[in-house]
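Structural features, examined
What follows is each chain in one-letter form.
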Amino acid sequence: QIPKDPAQRRVRELATLSKQLQQVHPNVLAKVLKQGTVYQNEEIVVINKPYGLPVHGGPGIKNCIADVLPILAKMLENMKAEPLHLCHRLDKETTGVMVLARSKEVAERIRLLFKTRQVEKIYWAISLGDPDPAEGIVEIPIVEKEVQSHQSHYKMTLAPNYRLSPEDGKVVKIRKNRNAESAVTRYRRLASSSSCSLLELQPITGVKHQIRVHLAYGLGCPILGDHKYSHWSKLAPQKLPAITLKRLKLEQSKARHLPLHLHAHRLSLPLGERIDLVCKPPLFFQKTLKKLELDIPND
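Residues numbered from 1 in each chain as written. Predicted model: local features only at pLDDT ≥ 70, side-chain atom pairs only at ≥ 80, totals over all residues. Heavy atoms only, no water.

To keep things clear, this is the line we draw: UniProt positions are given in the numbering used here, feature names are shortened, and annotations may be inferred rather than shown by experiment.
Per an unreviewed UniProt entry, the recorded name for the protein chain is Pseudouridylate synthase RPUSD4, mitochondrial, and the organism is Mesembrinibis cayennensis. Regarding the protein chain, the relevant UniProt record gives this comment under Subcellular location (unreviewed entry): "Mitochondrion". Looking at the protein chain in UniProt, the text filed under Sequence similarities (unreviewed entry) is "Belongs to the pseudouridine synthase RluA family."

As structure tokens, this is what we get:
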């Protein structure tokens, strides 16, 4: 049965869409990616990655970007039909700018640029709450830990170098966690309304789930639709403020269907000259911005 409420319908459509992307024929998926091409030259092809599509295969994953690269290569005009190569990764739920290389050599070069932090990456996210201060840098190491709860699972979490001593409230340096990776994220608030903010984020390092963890646990402003990092000890749907639910025309019981609002908006690649690649946020993201009355800045 189709929900009457447009918001719930949209949420349902998204869930279905990401299921459908898992069921379509690889050729159809390649076609979807081809339509999402935002830039190409002799060395690279840049796509706007759709929501809910994993980059790599794994258990229970039938379709992923890696698998359809040979088909996509054949579909693009002026291509020697060599398969394309992945240069970096985006989480399954993240949308936006994704760079594919037309040869192994170029892929290696671009991977190195990512590794040596020469690629400038700008993300947009809708967060719950308002970061204080409105712009700044979160620099807290991140480590993967097992969460002990009725269903134990793994999450990335903060591994700070300092804490407040319970005795006298003084700042004490903690022994470094050997497995923690240093993680740095710049953030800037672009707009705020309805208990939410539109944030521009620049991850300086590339740790797994870095933006999500820094926003949720570092700033206390989890990303809208991030059901994994909105609490620590449980896997439960995100709790939304009343005003946000009202604007989204959503009931809390349906909040679990909300998609993650994280979008790789811009990528600047120093390949010979600097190539600036921009992807518009997906439709669901734009609609949420409208409903929450968050205004996109014209850049």
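Brief notes about the overall build of the protein chain
Filter applied, for reference: A run of H or I in DSSP counts as a helix once it spans at least four residues, and a run of E counts as a strand once it spans at least two, with each numbered from the N terminus. In this description the radius of gyration comes from C-alpha coordinates, and the expected globular size is given by 2.2 Å times residues to the power 0.38. Throughout, a contact is declared for two residues whenever any of their heavy atoms are within 4.5 Å. With residues, only the protein chains shown are counted as cover, and all accessible areas are computed by Shrake-Rupley using a 1.4 Å probe. Two residue types count as positive, namely Lys and Arg, and two as negative, namely Asp and Glu; His and chain ends fall outside the count. A charged residue contributes its charge at one atom only: NZ of Lys, CZ of Arg, CG of Asp or CD of Glu.
From N to C terminus, the protein chain includes seven helices and 14 strands. Computed over C-alpha atoms, the radius of gyration of the protein chain comes to 20 Å, within 12% of the 19 Å expected from 2.2 N^0.38 for 299 residues, which places it in the range of a compact globule. By its C-alpha atoms, the protein chain is 65 × 50 × 40 Å across when sized along the principal axes. The contacts in the protein chain between residues at least 6 apart in sequence include a share of 64% that link residues at least 24 apart. A total of about 15900 Å² of accessible surface is found on the protein chain, and carbon and sulfur atoms cover 50% of it. Here the protein chain holds 47 positive side-chain charges and 29 negative ones, and the gap between their average locations is 6 Å.

Thoughts on a nonpolar patch on the surface
Formally: Residues enter patches when they are more than 30% accessible in relative terms and free of salt bridges; like-charged ones are connected within 9 Å and nonpolar ones (Val, Leu, Ile, Met, Phe, Trp, Tyr) within 5 Å. The rule for a salt bridge is simple: a side-chain nitrogen of Lys or Arg has to be within 4 Å of a carboxyl oxygen of Asp or Glu.
Side chains of Tyr162, Leu164 and Val171 sit close together on the surface and give an oily, nonpolar patch of about 350 Å² of accessible area. Inspection of the secondary structure assignment puts Leu164 in strand S9 (residues 162–164).

Description of the domain arrangement of the protein chain
To keep it simple, the criterion reads: Marked domain ranges trace back to an automatic or database domain assignment. Joining two parts hides part of their accessible area as seen by a 1.4 Å probe, and the buried area is that hidden amount summed over both. Two N or O atoms form a polar contact when they lie within 3.5 Å of each other; inside protein one atom must be a possible hydrogen donor and the other a possible acceptor, and for residues adjacent in sequence the pair counts only when both atoms belong to side chains.
In terms of domains, the protein chain is made up of domain 1 (12–116) and domain 2 (120–298). Relative placement of domain 1 and domain 2: their C-alpha centres are 24 Å apart. A buried area of about 1800 Å², summed over both sides, lies between domain 1 and domain 2, and 73% of it is on carbon and sulfur atoms. Summed over the three residues of domain 1 that lose the most area to domain 2, namely Leu14, Thr95 and Val97, the buried surface amounts to 26% of that side. Across the domain 1-domain 2 interface, the total number found is one salt bridge. With a closest N to O distance of 3.5 Å, Asp91 and Arg212 form a salt bridge. There are six residue pairs in polar contact (both at pLDDT 80 or more) connecting domain 1 and domain 2.

As for the nonpolar core
The criterion, for reference: Throughout, nonpolar core names a set of buried Ala, Val, Leu, Ile, Met, Phe, Trp, Tyr and Cys residues whose side chains join them through atoms within 4.5 Å. Burial classes: relative accessible area under 20% of the type maximum marks a residue as buried, over 50% as exposed, and values in between as partly exposed (1.4 Å probe, protein chains only).
Core analysis: the largest hydrophobic core is formed by 31 residues, its most contacted members being Ile65, Leu72, Leu84, Leu100 and Leu201. Secondary-structure elements contributing two or more residues to this core are helix H2 (26–35), strand S2 (44–49), helix H3 (65–75), strand S4 (95–101), strand S5 (120–128), strand S12 (196–203), helix H5 (210–218) and strand S13 (262–271). Ranked by residue count, the leading element in this core is H3, at five residues. Built from parts of two domains, this core gets at least three residues from each of domain 1 (12–116) and domain 2 (120–298). The contacts of Leu201, once residues within four sequence positions are left out, are Lys121, Ile122, Tyr123, Ala125, Thr185, Arg186, Tyr187, Ile211 and Leu215. Leu224, Leu245, Phe285 and Leu294 belong to the second largest nonpolar core, which has 21 residues in total.

A short note on helix H4 (residues 104–115)
Heads up, the rule is: Residue count minus one, scaled by 1.5 Å, sets the expected span of a helix. For this quantity, the arc is that covered by the directions from the helix axis to the C-beta atoms.
Taking 1.5 Å per residue, twelve residues should reach 16 Å; H4 reaches 16 Å between its end C-alpha atoms and fits that length. Taken residue by residue, H4 has Val106, Ala107, Ile110, Leu113 and Phe114 as its buried positions. All buried residues of H4 project into a common sector of 120° when viewed along the axis, lining one side. With respect to the buried face of H4, the exposed residues turned more than 90 degrees away are Lys104, Glu105, Leu112 and Lys115. Contacts made by the buried residues of H4 are with S2, strand S3 (85–86), S4, S5 and S13. Remark: Arg117 follows H4 within two positions and exhibits a positive phi of approximately 60°.

Here's the deal with the pairing of S2
Rules: By definition, two strands form a pair when at least two bridges between them are found by DSSP.
Among the six residues of S2, five are classified as buried, and the element is accordingly described as predominantly covered. Looking at chain direction, strand S1 (residues 37–40) and S2 are connected through three bridges and run antiparallel. By the bridge assignment, Gln40 is partnered in S2 with Val45. Here S1 hands over to S2 after three residues, the two strands then running antiparallel side by side. Here S2 runs beside S4; their pairing, made up of six bridges, is antiparallel.

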